[in-house]
Every structure is written in C-alpha cells, then in structure tokens.
Amino acid sequence: MSEQKLAAEVRTEFGKGYARRARMANLIPAVIYGHGADPIHITLPAKATTLAVRTANALLSLDINGEGHLALVKDVQRDPIKQIIEHIDLLTVRQGEKVTVDVAVHVSGETAPGTVHNLELTVVSLEAEATHLPESVEVSIEGRAAGEHIHASDLVLPKGSVLLTDAEALVVNISEAIEIAEEEAGEGTEEATAASEEAAAE
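Residues numbered from 1 in each chain as written. Predicted model: local features only at pLDDT ≥ 70, side-chain atom pairs only at ≥ 80, totals over all residues. Heavy atoms only, no water.

### Describing the sheet that holds strand E12 (residues 162-163)
Backbone-to-backbone hydrogen bonds join strands into a sheet, with any given pair of strands oriented parallel or antiparallel.
Here is step 1 of the chain: One open sheet accounts for four strands, arranged E10-E7-E9-E12; its pairing is mixed. With one partner strand each, in any of the chains shown, strand E10 (136-140) and E12 form the two edges of the open sheet.
Here is step 2 of the chain: Pairing analysis gives two bridges linking strand E9 (residues 123-129) to E12, with the strands arranged antiparallel. Within E12, the residue paired with Leu-126 across the bridge is Leu-163. (Pairing = 2+ DSSP bridges. Helix = DSSP H or I, 4+ residues; strand = E, 2+ residues; numbered from the N terminus.)

Encoded structure:
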C-alpha cells in the first residue's frame, strides 16, 4: 500500500463549534498519537483526505509545518446520516515498524457445481510493516467440494505478514446447495396428496 501525501495544519481549537467551522472550511479535524509522545491536533484537507482513507489502514505521509510525519489511519468517525468525515484518529509510525491491523478477506473463484460457500470470517488480524500493509487477503475457493473448510492457517499471507488470528478459525465453509424451490414444491405435492386422501375418506 503506497503512502498518501497530505498537508496538515496544527490546530489549537476544539469542540463541536470549531468542528463545524472546520468542515465549512473544507477541513477535517484529526489527532495523531503514539510512541509516548503528546497528541498532535491537526486539520486535514477534506477532499484529498476523503479520497486517501477510502481503503482500510491507509498510510498517510503528513507535512505538518514543514515537518514530516508517517501516520496510520486507525479510526474514521462519520456523520451517521450524511456520511461525511467528522474526525480521524491517526497512529504515528516509523519506517520498518511492525503494527497490528485488521485486513479484509476476499473470496475468488467458484466452488464445485451444486455447492455454495459461506464466508464465516470477513477480516483477519495481521502483524505487518507499517509501510507495507496489505489491503486484503485473498482466498481461492475454485473447485472446492461440499464439506471442505478453509481455516485461517490455510490463508496465503502477503510477504512479511504474520497471522495473529487463531489459526483454527473457520474462514470459509463449503456446503451443498439447497434447492428451496424444489423442496417447497415437494411439500406442496405432499399436502395436496394428503388433502385428496382425506376428501376421499370422507
């Protein structure tokens, strides 16, 4: 994942009133913390930041008054109705530093005919270098038969990543497809037959 470069400004104002004014000025309030240092309260350009944080675990290269900072997006708070970003929490990181992140699981391929798959685990926890974070982990279900299971230990992880999720955790379950329409039709036939037999008996 490549780092996104953004210009930031230190802020000294806080509260909902300031947050509203900042959003009207196309700015997003944010805070950087980590490594035992005092938090740095900043504002970020709304448009560029919104684009940068579309992917999970986005890595930002910030220019704060001419000083460079690497920061990992840890939490994005959005308005529940408008979905605009209200605030961002950032974790300061260094080149080569290992961090813990949750990464989405993506399924590729098709299971064997007559089967379906259930994604039981949508994210896995990994340890990876802050400057080389994977966007997702892909798992292939191509040709998998009913009864097969894919566990976290079966995932092929990006280079340099270490699995933190329980290795035995079930990620994908393959089962036989259930023909609901046929079953309902069968049930309807049985009910009709039973009703006919009752009518004949009367």
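Continuing now.
### Describing the environment of Ile-150
Here is step 1 of the chain: Examined against the element boundaries, Ile-150 turns out to sit in strand E11 (residues 149-151).
Here is step 2 of the chain: Distance from Ile-150 to Glu-168, taken between C-alpha atoms, is 9.2 Å for residues 18 residues apart in sequence.
Here is step 3 of the chain: Excluding residues within four positions of it along the chain, Ile-150 makes contact with Val-139, Ser-140, Ile-141, Arg-144, Ala-169, Leu-170, Val-171 and Val-172. (Contact = heavy atoms within 4.5 Å.)

### Some remarks on helix H1 (residues 15-24)
Here is step 1 of the chain: Residues Tyr-18, Ala-19 and Ala-22 constitute the buried set of H1. What you see down the axis of H1 is that its buried residues fit within an arc of 105°, all on one side. Away from the buried face of H1 by more than 90 degrees, exposed residues Lys-16 and Met-24 are located.
Here is step 2 of the chain: On its buried face, H1 is in contact with strand E2 (27-34) and strand E3 (37-45).
Here is step 3 of the chain: Just downstream of H1 lies Asn-26, where phi reads positive at about 60°. (Buried < 20%, exposed > 50% of the residue type's maximum accessible area, 1.4 Å probe, protein only. Arc of directions from axis to C-beta.)

### Concerning the sheet that holds strand E13 (residues 170-176)
Here is step 1 of the chain: Strand order in this open sheet of three strands is E8-E13-E11, and the pairing throughout is antiparallel. The open sheet has two free edges, formed respectively by strand E8 (115-119) and E11, since each of these has just one partner strand. Within the sheet, the average angular offset between the axes of one strand and its neighbour, ignoring direction, is 15°.
Here is step 2 of the chain: As defined by bridge partners, E8 adjoins E13 across five bridges and the pair is classed as antiparallel. Among the inter-strand pairings, His-117 is bridged to a residue of E13, identified as Ile-174. (Axes fitted to C-alpha atoms, helices over the stretch in contact; angles between N-to-C directions.)

### Digging into the pairing of E3
Here is step 1 of the chain: Relative to E3, strand E1 (residues 4-10) runs antiparallel, the two being bridged by two bridges. What sits directly across from Glu-9, in E3, is Thr-43.
Here is step 2 of the chain: With seven bridges connecting them, E2 and E3 associate as antiparallel partners. Each residue of the ladder has a partner; that of Ala-30, found in E3, is Ile-42.
Here is step 3 of the chain: Linking E2 back to E3 in an antiparallel pair, the connection comprises two residues, with His-35 at a positive phi of about 60°.

### Considering the nonpolar core
A general tendency of soluble globular proteins is for nonpolar side chains to be buried together.
Here is step 1 of the chain: Grouped together as the largest cluster of nonpolar side chains are 24 residues, with contacts concentrated most on Val-93, Val-99 and Val-172.
Here is step 2 of the chain: Listing elements by their share of this core, those giving two or more residues are strand E5 (67-78), strand E7 (98-108), E9, E10 and E13.
Here is step 3 of the chain: Counting residues per element, this core draws most heavily on E7, at four residues.
Here is step 4 of the chain: For Val-172, the residues in contact, after removing those within four places along its chain, are Val-107, His-117, Asn-118, Leu-119, Val-139, Ile-141, Glu-148, His-149 and Ile-150.
Here is step 5 of the chain: Core analysis: the next-biggest nonpolar cluster, separate from the first, contains 19 residues, Leu-6, Ala-30, Ile-42 and Ile-85 among them. (Core = buried A, V, L, I, M, F, W, Y, C linked by side-chain atoms within 4.5 Å.)

### Examining the pattern of salt bridges
Here is step 1 of the chain: All told, the structure shown has one salt bridge when counted by the stated rule.
Here is step 2 of the chain: The shortest N-O distance in the salt bridge between Arg-144 and Glu-148 comes to 3.0 Å.
Here is step 3 of the chain: Residue classification places Glu-148 among the partly exposed positions, given a relative accessible area of 28%. (Salt bridge = Lys/Arg side-chain N within 4 Å of Asp/Glu carboxyl O.)

### Considerations on the confidence of the model for the protein chain
Segments scoring low in pLDDT should not have their predicted coordinates read at a detailed level.
Here is step 1 of the chain: Looking at the protein chain, the pLDDT average stands at 83 and 87% of residues meet or exceed 70.
Here is step 2 of the chain: The weakest mean pLDDT in the protein chain belongs to helix H3 (residues 180-201) at 52; the strongest belongs to E11 at 94. (pLDDT = per-residue confidence, 0-100.)

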